[in-house]
Amino acid sequence: MRNVISSVGVLMVSAALLAGCGETDAPNESAATAEQTSAPEPTVAEIAVAEAEEVAPLVVEIMAHVSLRSDRRLMVEGESNLPDATLVQIIVEREISSVRWRERTRVDDGVFAAGPFGPGSGLPDGGYIVRVEVSEGSVQPEAVQARIGHEGQHLAGELVNQSRHGLGQVATYSRRFLVGSEPRQTRDQVEVLESPGR
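All chains use their own residue numbering, which begins from 1 and follows the written sequence. For this predicted model, a pLDDT threshold of at least 70 governs which residues receive local features, and a threshold of 80 or more governs which side-chain atom pairs are given and counted, while totals over whole chains, interfaces and linings are taken from all residues. Values reported for side chains reflect all heavy atoms of the structure, with hydrogen atoms and water molecules removed beforehand.

Points about the overall build of the protein chain
In terms of helices and strands, the protein chain carries 3 helices and 11 strands. Segments assigned H or I by DSSP are reported as helices when at least four residues long, segments assigned E as strands when at least two residues long, and all are numbered from the N terminus. Ordered by position in the sequence, the α and β elements of the protein chain form the string α-α-β-β-β-β-β-β-β-α-β-β-β-β. We call a residue buried when its accessible area falls under 20% of the maximum for its residue type, exposed when it is over 50%, and partly exposed in between, using a 1.4 Å probe and counting protein chains only. A buried classification covers 32% of the 198 residues belonging to the protein chain. Residue contacts are counted whenever heavy atoms from the two residues lie within 4.5 Å of one another. Counting only contacts in the protein chain whose residues sit at least 6 apart along the sequence, the fraction spanning at least 24 positions is 58%. Residue burial considers only the protein chains on display, and all accessible areas are found by Shrake-Rupley using a 1.4 Å probe. About 12,600 Å² of surface is accessible on the protein chain, with carbon and sulfur atoms providing 54% of the total.

Topic: the nonpolar core
Core analysis: the largest hydrophobic core is formed by 31 residues, its most contacted members being L74, V76, L82, I90 and V92. Elements that contribute at least two residues to this core include exactly β2 (62-68), β3 (74-80), β4 (87-94), β6 (111-117), β7 (126-134), α3 (142-148) and β10 (169-179). Discounting residues that sit within four places of it in the chain, I90 has contacts with V76, W101, R102, E103, T105, F112, A114, F117, V130, R131 and V132. Remark: nonpolar core denotes a set of buried residues (Ala, Val, Leu, Ile, Met, Phe, Trp, Tyr, Cys) joined through side-chain atoms within 4.5 Å.

Considerations on the sheet that holds β6
Strands are treated as partners if at least two bridges between them are detected by DSSP. Reading across the sheet, the 3 strands line up as β2-β3-β6 and stay open at both edges, with antiparallel pairing between neighbours. Pairing within the sheet leaves two strands with one partner each, and these edge strands are β2 and β6. Going across the sheet, the axis of each strand differs from the next one's by a mean of 15°, ignoring polarity. The pairing of β3 with β6 spans 5 bridges and is antiparallel. Paired with E79 across the strands is V111, a residue of β6. To get an axis, a line is fitted to the C-alpha atoms, and for a helix only the part in contact is used. The angle between two axes follows their N-to-C directions and goes from 0 to 180 degrees.

Concerning the packing of aromatic side chains
For Phe, Tyr and Trp, rings pair up if their centres lie within 6.5 Å, where Trp contributes its six-membered ring, and each pair is then called stacked (planes under 30 degrees apart), edge-to-face (over 60) or tilted (otherwise). Overall, the coordinates contain 1 aromatic pair when judged by the stated rule. Each ring, one from Y128 and one from F177, has its centre 5.8 Å from the other, and the planes form 15°; the classification is stacked. Taken together, the residues span a long stretch of sequence, with Y128 in strand β7 and F177 in strand β10 at a distance of 49 residues. Across the pair, exposure class does not vary: Y128 and F177 are buried alike.

Points about the pattern of salt bridges
The term salt bridge refers to a side-chain nitrogen of Lys or Arg lying within 4 Å of a carboxyl oxygen of Asp or Glu. Within the structure shown, the criterion is met by 7 salt bridges. For R72, the salt bridge is made with D125, and the minimal N-O distance between the two is 2.6 Å. Placement of the pair is R72 in the loop between β2 and β3 and D125 in the loop between β6 and β7, with a sequence separation of 53 residues. Classification of R72 as buried rests on a relative accessible area of 13%.

Some details on the side chain of E93
With respect to the helices, strands and loops of the structure, E93 is situated in strand β4. Side-chain polar atoms of E93 contact the side chain of R131, separated by 3.2 Å. With near-sequence residues (within four places) excluded, E93 lies in contact with S98, V99, R100, G127, Y128, I129 and R131. Distance and chemistry together define a polar contact, namely a pair of N or O atoms within 3.5 Å, with one atom able to donate a hydrogen and the other to accept it when in protein, and with adjacent residues in sequence counting only for side-chain atoms on both sides.

Some details on the confidence of the model for the protein chain
pLDDT is a residue-level measure of predictor confidence that goes from 0 to 100. Summarising the model, the protein chain shows a mean pLDDT of 80, and 65% of its residues fall at 70 or more. Every residue in residues 7-11 scores below 50 in pLDDT, and together they form 0 contacts with partners more than four places removed in sequence or on other chains. Within the model, pLDDT remains below 50 along residues 13-18, and this stretch shows 0 contacts once partners closer than five positions in the same chain are excluded.

Structural notes on the pairing of β4
With 6 of 8 residues buried, β4 is to be regarded as a mostly interior element. Pairing of β4 with strand β5 (residues 100-106), which is carried by 7 bridges, proceeds in the antiparallel orientation. Paired with I91 across the two strands is R102, which belongs to β5. In this antiparallel pair of consecutive strands, β4 and β5, the connection spans 5 residues, and S98 shows a positive phi of 65°. Pairing analysis gives 7 bridges linking β4 to β7, with the strands arranged antiparallel. Of the residues in β7, the one forming a bridge with E93 is I129.

Shown next as structure tokens:
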């Protein structure tokens, strides 16, 4: 009988020891799990660097052509390697008065067009500048942002510069031209537009 009691006592002590070991292991496991889940998340700067490494720079190319309609108003057409649906703003400015006409459009299949520009009475003779400005990355459609970056950080090339509003990089193309039928003396390589039919 004593043997049975002592055997039962040994079993109870062994069970208590095993249970105690189990209790001490459990907190260590949960602590290890807590350490794994509390690993630091990447910072915004680290994410930006990772994205920059994944997306190759886009060297921006823009070319614009201007034509004068019979009513002496201007049409602008152009080509670009910017992604489809990229929003651009076309601006025509008269040099002598700084009067501007502007229109928003977008690039589709590598081309864009806007106009007519100018007053109803037609553009007076003189010098003009046409500019094509790529809108900031933050206002572009998501598919365009994926290629050029939320702040235009993937744009590259001679046409790229910092936005005046501090919203990242943008691209701007400009060229000068003259409207009028009389030959003009100029040292610039400038295109002279004449009204059709003159």
